Amino acid sequence: MESVFNLENFDIKLDTEIIGRNIIYIDETPSTNSFLLDPAISGNTNGTILIAEKQIKGRGRKDRQWYSTKGLNLTFSILLTNKKYFTKRFNLINFATALSTAIAIENLFQSRTELKWPNDVLINKKKVAGVLIESTSKGEKIERVVIGIGINVNQTSFQGSFNVQPTSLKNETGGTVIRETLLAELLNVFEETLEQVISNYKWILKEWKQRCGMIGERISVSDGEKTKNGIFDDIDENGFMILKNKDKVEKIYFGDVSIV
Ligand code: BTN
């Protein structure tokens, strides 16, 4: 059943210093990412989060749409404006985000999660959450980063054709999930994990790889135009995929991966 997000219940569980301390909650918006990318409408406070019950044009990776039924799931974005995060390991924020989502789910539901390169969260091989990070820059310098997260929480049926079959936490854990508790746990984990991007990025790589079921497998990766096959050998220090095919070693920066 559709519910209204209770900010008080969320706030009681939130244990962060910065992330989620400034919170905007709205009924409908085209996309929470677009909202936070615009300083004129969302301000510049580092760590601001925006939760929307419904996105009219929710975006996924590779120009896909992100569909989510109103009031059942979590569709939200986090704004980063503190330049300390915009280091050469910037791409690892993607991995830190997916990893935090997985850890929060594990902590609350004792479920096994799997991470699919680059940043999908799966349970029982089905997708429960996705991450879309966008940024604005002035010249070479990144100005603001918006981390968009969509989690299928209490929606039980999904229409359409999908690259990876979607599921929800309710479907996989068998009960209605309290969204406020999940979001607070996720942000609590995320604030700590984000610091590791700066101070201990190897920890993120290690934890991410432990949950990635495809490393070592023969895969195909498609960027929409070209498909490449090979062994998913590893990820490098920035999270890019190392694909091996006979004697050739290639780096893959983006794409959709499937086991062949
Ligand atoms: C993907 O798996 O393709 C990424 C999905 C990201 C969806 C979230 S929902 C909140 C935020 N706002 C958007 O428009 N997209 C992200």
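Residues numbered from 1 in each chain as written. Predicted model: local features only at pLDDT ≥ 70, side-chain atom pairs only at ≥ 80, totals over all residues.

Enquirer: For the sheet that holds strand β12 (residues 256–259), give the residues involved together with the corresponding values.
Expert: The strand order across the open sheet built from 5 strands is β11-β10-β9-β8-β12, with neighbouring strands paired in antiparallel fashion. Each edge of the open sheet is held by one strand with a lone partner, namely β11 (248–252) and β12. Looking at each pair of strands side by side, their axes are set apart by 45 degrees on average, direction ignored. (Pairing = 2+ DSSP bridges. Helix = DSSP H or I, 4+ residues; strand = E, 2+ residues; numbered from the N terminus. Axes fitted to C-alpha atoms, helices over the stretch in contact; angles between N-to-C directions.)

Enquirer: Just give me the short version of the site of the ligand, but keep the residues and values in it.
Expert: Taken together, 20 residues lie near the ligand, and Ser-31, Gly-60, Gly-130, Gly-148 and Gly-150 sit nearest. When grouped by side-chain class, the residues that make up the shell around the ligand number 5 nonpolar, 11 polar and 4 charged. (Near = placed C-beta within 6 Å. Nonpolar A, V, L, I, M, F, W, Y, C, P; charged D, E, K, R; others polar.)

Enquirer: Summarise helix α7 (residues 201–211); cite the residues concerned and give the values.
Expert: All buried positions along α7 are accounted for by Ile-204, Leu-205 and Trp-208. Each buried residue of α7 sits inside an arc of 95 degrees when the element is viewed along its axis, so together they form one side. Residues of α7 that are exposed and point over 90 degrees away from its buried face: Lys-202, Lys-206 and Gln-210. Looking at the packing, one finds that the buried side of α7 touches α4 (92–109), β4 (114–116), α6 (179–199) and β9 (227–235). (Buried ≥ 20, exposed ≤ 12 C-beta atoms within 10 Å, placed from the backbone. Arc of directions from axis to C-beta. Contact = placed C-beta atoms within 7 Å.)

Enquirer: So what's going on with the sheet that holds strand β2 (residues 49–55)? Which residues, and what values?
Expert: Sheet architecture is open: 7 strands sit in the order β1-β2-β3-β7-β6-β5-β4, paired in mixed fashion. The open sheet has two edge strands with one neighbour each: β1 (23–29) and β4. For this sheet the average axis-to-axis angle between neighbouring strands, irrespective of direction, equals 20 degrees. Sheet topology places β1 next to β2; 6 bridges connect them, and they run parallel. Each residue of the ladder has a partner; that of Tyr-25, found in β2, is Ile-51.

Enquirer: Explain the domain arrangement of the protein chain to me, using residue names and the numbers behind them.
Expert: The domain boundaries assigned to the protein chain delineate domain 1 (7–211) and domain 2 (218–259). Domain 1 and domain 2 are separated by 24 Å when their C-alpha centres are compared. With 12 residues of domain 1 at the contact, the number on the domain 2 side is 8 residues. Of all the secondary structure elements, the ones that give two or more residues to the side of domain 1 that touches domain 2 are α4 and α7. If you tally residues by element for the side of domain 1 that touches domain 2, the top one is α4, at 3 residues. Grouping the constituent residues of the side of domain 1 that touches domain 2 by class yields 5 nonpolar, 3 polar and 4 charged. (Domains from an automatic or database assignment.)

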